[in-house]
Amino acid sequence: MEILVCVKRVPDTAENEFELNSDGNDLDRDDLVYSVNEWDNYAVEEAIQIVDDKGGNVTVVTVGDDESEEVLRREMAMGANNGVLLSDDAFEGADGKGIAGILKAEIESGKYDLILTGAQADEGAGQVGGMLAAMLDLPYASLVNKIEVIDDSKISVGREIEGGNQEMNEIELPCVLSIQTGINEPRYVGIRGIRKVASVEIPVKGASDLGVDPAVVGADGAKTKRVDYFVPELGDGAEMLEGSTEEIIEKLIEKLKAKGGL
Amino acid sequence: MADIFAYVPHKVGVVEDIAYEYPDAAAKIDTGAAVTAIVTGTGADLDKACETLTGYYKEVIKVDQAELSYPNAEIIRKVLVNIVPAGAIVLAPHDTFGMDLAPGLSVKMDAGYAADIVDIEGTDGSDLKLVRQELGGAVSTHVTCDSSSGAVLTIRPGAFTPAEDASAGGSVTDKSGDAGDLSSKRTFVEVVEAEVGDVDITKSDVLVSIGRGIEDEENIEVAQELADAMGAVVSCSRPIVDAKWLEKSRQVGTSGQTVKPKVYLAMGISGSFQHMGGVKGNPFIVAVNKNAKAPIFQVADVGIVEDILDFMPELTEAIEDL
Ligand SMILES: Cc1cc2nc3c(=O)[nH]c(=O)nc-3n(C[C@H](O)[C@H](O)[C@H](O)COP(=O)(O)OP(=O)(O)OC[C@H]3O[C@@H](n4cnc5c(N)ncnc54)[C@H](O)[C@@H]3O)c2cc1C
Ligand SMILES: Nc1ncnc2c1ncn2[C@@H]1O[C@H](COP(=O)(O)O)[C@@H](O)[C@H]1O
């Protein structure tokens, strides 16, 4: 099975405290720690497991800048066979459809049985997979938390739905799936694994290589545009308990008693 | 402004809460907009859903087909492309169904798309002025979405004010005949219900809930000791279940359990909407987080900036000494 997995380099929410820049139109990105989007690691792990079982290749692809190459290398250290970086100044300002349009061009230059994305990335949209499927006219299932290959032409997939229930479907290949966390346990990537793939050639493709029109997939084609970032004042916010840990605990215990917590 | 169509999911005829929230969202796009509810399904369940909706919408479109008895987003997408006029604005919920349906729908309608909308600030020409969040709620953003050739928006459940007045006296239009081709390369098989775990977190008045801040499986003991001292039960956020450190039945959130405790201690939980979506009944929320900017502090009653691994044992000791 030939599997393509779309991955994205994102600011790591566990490692960063986000600040806005002085203009308020972007995050202060100078000291941000980036990593692979959490969901994408599950997608790559799933692809590797399928290929280990059924044969084939896993290709990882990202639309990003030069620095995005590091996430491709990380996923190749996990076990992906190939990486492709789609990068062009003209891609800057692309919205979800722009990203999907760029990925579509790359997908059509190959032959894939299965295309995986993460369920969502840093912007919390969860859009690229569904858009890609519609553009390619392929069947789609989102939030997939189980995959079983039935034969060369169909697979069984479980979708996570509300309340922890699982919706089982049969879906024809080729198809696009967005992968939900928890579907597997992504393998650990050590520094040694990264070193092994450090010198592997990763092709870089721009708009003309892909045959996409920057006026469509870039900022000019974007119907959805981010205007600014801000930190909302939601209600009153929490009453922050301050002082030494002892003092805080004393105050907290009083409150817990009053509210029935003790 | 364009006409607005709101897709309403229902379970056996009981419409999802988002049905009551769409009218507020639509009014925030344009107070004068005509909003039409669209509901699909079959038979008596569908009619029951329609009856509810006529209380809140002047116009309700129903599509009754046997193939729609289970909401397969792949099929519903095709139906909506046939039913919704070009250039319209379509609202769908930002939940596991809407995420399945809406991005592809926007492609097939050749319309703009914006996901997980938490607020709407009107329009500027054909641009919709929207508010959303990024990075698990750590920051908010204003976005514009060009609706000149239509737009599809997914609305965060619970973000808009539900309508209470059920006196719209609307009418139902049957468009079952316009549904079109209902074939799909994705076939629904069955729903597998979540497993019941050893503890029922929904029954406890006090929850000590742990998130990724617990850092290590071994540290769960520290939370269990606190819970024991308080006579509480340990629940958790999703990453703890994904890591297989606790059973799925302990997970609070939209894809886990809905809990209604009196007191909810969020320990090392950032406060994503999918997590908080499972915390109902307005409990007293205490958040302990080492990041003073964690979004959980916007929804908690009491906030403490501390390392939970130091704080929990000290709190346990103080409670045991009472
Ligand atoms: C369709 C869908 C459904 C989902 N359903 C659910 C659901 O049902 N339930 C759910 O919980 N999530 C759900 N999620 C995931 C959700 O989006 C978040 O990713 C998740 O809730 C984050 O969990 P967390 O707060 O524990 O982790 P993080 O967001 O990583 O937050 C960890 C927090 O701990 C703090 N911290 C770290 N170390 C310490 C320490 N030593 N002391 C104190 N604080 C510390 C950090 O500052 C941070 O704020 C769902 C996602 C999707 C896409
Ligand atoms: N720039 C990108 N390059 C490659 N894949 C992407 C990119 N942006 C999003 N994706 C894919 O789409 C998924 C969902 O992201 P989003 O739709 O942005 O929430 C991610 O998990 C990736 O698999």
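My aim in this report is to walk through the structure given alongside it, one point at a time. What you see is a predicted model; the values in this text were computed from it and never measured.

Quick look at the packing of helix α8 (residues 245-259) of chain A against helix α9 (residues 308-320) of chain B
At their nearest, the axes of α8 of chain A and α9 of chain B sit 10 Å apart, and the two run at 55° to each other. Classified by the angle between their axes, α8 of chain A and α9 of chain B sit oblique to one another. Considering only the axes of α8 of chain A and α9 of chain B, their crossing is right-handed. Together, Thr 245, Ile 248, Ile 249, Leu 252 and Ile 253 of chain A of α8 of chain A and Phe 311, Glu 314, Leu 315, Ala 318 and Ile 319 of chain B of α9 of chain B make up the contact between the two elements.

Digging into empty space enclosed by the protein
For the coordinates displayed, the defined rule picks out 1 cavity of 30 Å³ or more. There is about 40 Å³ of room inside the largest cavity. As for the largest cavity, its lining consists of Gly 163 and Gly 164 of chain A together with Ala 194, Glu 195, Lys 248, Ser 249, Ser 255, Gly 256 and Gln 257 of chain B.

With respect to the site of ligand 2
Residues and elements named next belong to chain A. Around ligand 2, the structure places 18 residues, and the nearest of them are Cys 6, Asp 40, Gly 126, Gln 127 and Val 128. One of the backbone nitrogen or oxygen atoms of Cys 6 is found 2.6 Å away from an oxygen atom of ligand 2. At a separation of 2.8 Å, an oxygen atom of ligand 2 approaches a polar backbone atom of Val 128. Contact with the protein chains hides 97% of the accessible area of ligand 2, taken as 470 Å² for the molecule alone. At the level of elements, β4 (57-63), α3 (96-108) and β6 (114-118) are the ones that each hand at least two residues to the shell around ligand 2. Element by element, the count of residues in the shell around ligand 2 is highest for β4, at 3 residues. Residues of the shell around ligand 2, tallied by class, amount to 9 nonpolar, 7 polar and 2 charged.

Quick notes on helix α4 (residues 98-108) of chain B
Residues and elements named next belong to chain B. The buried fraction of α4 is high, at 10 of 11 residues. Listed in full, the buried residues belonging to α4 are Gly 98, Met 99, Asp 100, Leu 101, Ala 102, Pro 103, Gly 104, Leu 105, Ser 106 and Val 107. Asp 110 sits one or two positions beyond α4 and adopts a positive phi of about 55°.

Notes on the site of ligand 1
In the vicinity of ligand 1 there are 31 residues, among which Ser 237, Ser 255, Ser 270, Gln 274 and Asn 289 of chain B approach most closely. Looking at what sits near ligand 1, you find residues from chains A and B. A distance of 3.5 Å separates a nitrogen atom of ligand 1 from a polar atom in the backbone of Gly 213 of chain B. Within the side chain of Glu 215 of chain B, an N or O atom sits 3.1 Å from a nitrogen atom of ligand 1. Protein coverage of the free-state accessible area of ligand 1, which is 990 Å², stands at 93%. Broken down by secondary-structure element, the contributors of at least two residues to the shell around ligand 1 are α6 (238-242) and α7 (273-276) of chain B. Classifying every residue of the shell around ligand 1 gives 7 nonpolar, 17 polar and 7 charged.

Examining the interface of chain B and chain A
Contacts between chain B and chain A engage 80 residues on the former and 75 residues on the latter. Between chain B and chain A lies a buried interface of about 6900 Å² when both sides are counted; carbon and sulfur atoms form 55% of it. Contact with chain A buries surface across chain B, with Thr 96, Leu 135 and Lys 185 of chain B losing the most and accounting together for 10% of the total. Counting across the chain B and chain A interface gives 8 salt bridges. The partner of Glu 38 of chain A in a salt bridge is Arg 212 of chain B, and the shortest N-O contact between them spans 3.1 Å. Across the chain B-chain A interface, the total number found is 44 residue pairs in polar contact (both at pLDDT 80 or more). Take the side of chain B that touches chain A: its biggest share by element is 8 residues, from strand β10 (residues 139-146) of chain B. Split by residue class, the side of chain B that touches chain A holds 37 nonpolar, 19 polar and 24 charged. Where strand β12 (residues 224-230) of chain A meets β10 of chain B, 6 bridges bridge the pair, whose relative direction is antiparallel.

Calculation criteria
- Residues numbered from 1 in each chain as written.
- Chains lettered and ligands numbered in written order.
- Predicted model: local features only at pLDDT ≥ 70, side-chain atom pairs only at ≥ 80, totals over all residues.
- Heavy atoms only, no water.
- Axes fitted to C-alpha atoms, helices over the stretch in contact; angles between N-to-C directions.
- Helix = DSSP H or I, 4+ residues; strand = E, 2+ residues; numbered from the N terminus.
- Parallel < 35°, antiparallel > 145°, perpendicular 65-115°, else oblique.
- Left-handed = near helix turned anticlockwise from the far one by under 90°.
- Contact = heavy atoms within 4.5 Å.
- 1 Å grid on protein atoms, 1.4 Å probe; cavity = no way out; pocket = protein on both sides within 12 Å on 5 of 7 lines; lining within 4 Å.
- Points joined across faces, edges and corners; volume = space filled by probe spheres on them.
- Near = heavy atom within 4 Å.
- Polar contact = N/O pair within 3.5 Å; in protein donor to acceptor, adjacent residues only side chain to side chain.
- Areas by Shrake-Rupley, 256 points an atom, 1.4 Å probe, with all protein chains shown as cover.
- Nonpolar A, V, L, I, M, F, W, Y, C, P; charged D, E, K, R; others polar.
- Buried < 20%, exposed > 50% of the residue type's maximum accessible area, 1.4 Å probe, protein only.
- Buried area = accessible area lost by both parts, 1.4 Å probe.
- Salt bridge = Lys/Arg side-chain N within 4 Å of Asp/Glu carboxyl O.
- Pairing = 2+ DSSP bridges.

Read these as layout, nothing more, since geometry by itself doesn't imply function.
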